[in-house]
Amino acid sequence: MQVSVETTQGLERKMTIAVPSDKVDSAVNARLQEAARTVRMNGFRKGKVPLKVVKNRFGQGVRQEVVGELMSQSFYEAINEKSLKPAGQPRIEPTNMDEGKDLEFTATFEVYPEVSLPDFSAIEAERLQAEVSDADIDEMIETLREQRQNWQEVDRAAAKDDLVNIDYTGRKDGEEFEGGKAQGSSLVLGSERMIPGFEEGLIGKQAGESVTLPLKFPEEYHNEELAGADVEFDITINTVSEKALPEVNEEFFASFGVTEGGMEAFRKEVASNMEREMKSASRNKLKNRIMDAVLEASDVTVPTALVAGEIDQLRNQALQQMGGGGQNIDKSLIPDELFKEQAERRVKLGLLLGEVIQQQNLQADAVKVREAIEELAATYESPEEVVKWYYSNQEQLAAVESSVLEDQVFDYIIDQAKVSDKQVDYQEVIKPEAKAPEAEADSADSADDDSAEESDQDADK
């Protein structure tokens, strides 16, 4: 087999491969002889069909099949011979497939780049630390109460933050317009879900009252026919409800799994969870800052094939988040540009972290993998069964091992970098940082969901 390789541009390589004709003919004949033993043809007993007859009948198809297999096999033999590491699938194009002549074809593909790691000791980053105070615990308990809130109907005038159930009809120039009518619609006053003046006009009104509000749609409203239009809404208030927060008592404690020890045990449990959340948030922020610094200090050329694969994965994730797996959505309508920056970042980080793993000969620590699985299993009713399931499912186990290995790489880089601790309050640690490019891309689908909700009823703001 003859192999030659040329660099076309950047990471792209073009490999020309020639397979001797006798190797091709030998493989074709072997396949035909195998077929002759099993093929059934009228006029011949099974296994007694002459090779010449089999060749005349099936020779062309068998040759194409064998040639395809030989090109694939020869390609992988060639890249091993030349010590090349392809990034993505090759584009194989035959240049000579004539019978009796050497099989010749080209394979065009990208290779993984040479990765030079930056000086990790030159990287500086802050690690946020905090103490969970009694005030923080009090605030968290109030948040937990609000999460368990319900609505209680009241016999009084509606106020801001109340929930009203209403019927309404909107008219423009005396005529009802599409999307401007609803019955039994629930609305929280002050949510700013409706156009300006709608919610404010219901404050002070009681159940059973009706009101007509002269309003104006915003100039930049999404429905051009209503943008800037003067309208009237006839509104009837059916009910008024206020927030009803649960009492902080034994029943409330039990709803969070604390069945003994009363308030003291509950506060201890809340504090423990807050500590865990805070440590995780602090680590994630440090990890993001370290990774940003590593990327900034690195110059890595990314293979377009890997970026394209990452874009496809991100697009599929976005479609899943849209609901129903996005089966009815044409993927071509979601442009690559939405995910390109995020995909390139992921590929660059993957190459850099992979180089660290290779240079340091890192492997997933079995003890840490076990700890990670047990932590995941702890949220289920039968943790031991879940642990067994992870260890019997190679795909899931590999995912945990990959996550643990990534954390080990991160820890290695932290040990090399200059990390200083900064004492802040609890809220500063847990509040989300400004969105990174990948977060912005991930939120694109939720923005589409919001706009869909807005267009559901034209009375909405």
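Nothing here was measured: the structure is a model prediction, and the numbers come from that model. (Residues numbered from 1 in each chain as written. Predicted model: local features only at pLDDT ≥ 70, side-chain atom pairs only at ≥ 80, totals over all residues. Heavy atoms only, no water.)

Chemist: Pulling in residues and values, what's your account of the packing of aromatic side chains?
Modeler: Taken as a whole and assessed by the stated rule, the structure comprises 14 aromatic pairs. The interplanar angle of 80 degrees and the centroid separation of 5.5 Å between the aromatic rings of Tyr168 and Phe198 together place this pair among those described as edge-to-face. On the criterion of sequence distance, the pair formed by Tyr168 in strand β7 (residues 163–172) and Phe198 in the loop between β8 (175–188) and β9 (210–216) is long-range, its members being 30 residues apart. The same class applies to Tyr168 and to Phe198, which are both buried. Ring centres of Phe252 and Phe256 lie 5.2 Å apart, and the angle between their planes is 70 degrees; on these two criteria the pair is classed as edge-to-face. By relative accessible area, Phe252 is classed as buried at 4%. An aromatic cluster is defined as three or more aromatic residues linked by ring pairs; in this entry it consists of Tyr168, Phe177, Phe198, Phe217, Tyr221 and Phe233. Over the face of the ring belonging to Phe410 we find Lys287, whose NZ or CZ atom lies 5.9 Å from the ring centre. (Phe/Tyr/Trp six-rings, centres within 6.5 Å; stacked < 30°, edge-to-face > 60°. Helix = DSSP H or I, 4+ residues; strand = E, 2+ residues; numbered from the N terminus. Buried < 20%, exposed > 50% of the residue type's maximum accessible area, 1.4 Å probe, protein only. Lys NZ or Arg CZ within 6 Å of the ring centre and 35° of its normal.)

Chemist: Go over helix α8 (residues 366–377), please, and point to the residues and values.
Modeler: An α-helical segment advances 3.6 residues per turn. Residues three or four places apart therefore align on the same side. End to end, α8 covers 16 Å across twelve residues, agreeing with the expected 16 Å (1.5 Å per residue, within 8%). Residues of α8 that are buried include every one of Val369, Ile373 and Ala377, and no others. Viewed end-on, α8 has its buried residues packed into an arc of 70 degrees, placing them on one side of the element. Turned more than 90 degrees from where α8 packs its buried face, Val367 and Glu375 sit exposed. Lining the buried residues of α8 we find α9 (383–392) and α10 (394–416). Two or three places before Val367, at the opening of α8, Asp365 has a side-chain oxygen 2.8 Å from that residue's backbone nitrogen. (Expected span 1.5 Å × (residues − 1). Arc of directions from axis to C-beta. Contact = heavy atoms within 4.5 Å. Polar contact = N/O pair within 3.5 Å; in protein donor to acceptor, adjacent residues only side chain to side chain.)

Chemist: Tell me what's going on with the pattern of salt bridges, and back it up with residues and numbers.
Modeler: Across all of its chains, the model carries 24 salt bridges by this definition. Linking Arg91 and Glu93 is a salt bridge whose minimum nitrogen-to-oxygen distance equals 3.6 Å. Glu93 sits in the partly exposed class, given a relative accessible area of 40%. Taken together, the shared-partner salt bridges connect Arg283, Lys287, Glu406, Asp407 and Asp411 into one network. (Salt bridge = Lys/Arg side-chain N within 4 Å of Asp/Glu carboxyl O.)

Chemist: Give me the side chain of Asn96: which residues, what numbers.
Modeler: As for its position among the elements, Asn96 is in strand β3 (residues 86–96). At 3.0 Å, the side chain of Asn96 forms a polar contact with the backbone nitrogen of Asp98. Apart from the residues lying within four places of it in its own chain, the contact partners of Asn96 are Lys101, Asp102, Leu103 and Glu104.

Chemist: Help me get a handle on the nonpolar core, residues and values and all.
Modeler: Membership of the largest hydrophobic core comes to 31 residues, with the highest contact counts inside it found for Ile123, Ile290, Met291, Val294 and Ile413. Among the elements of the structure, α5 (262–296), α6 (304–321), α7 (337–360) and α10 are those that each provide at least two residues to this core. The element contributing the most residues to this core is α7, with eight residues. If we skip the residues at most four places from it in the chain, Met291 touches Arg345, Leu349, Leu353, Phe410 and Ile413. (Core = buried A, V, L, I, M, F, W, Y, C linked by side-chain atoms within 4.5 Å.)

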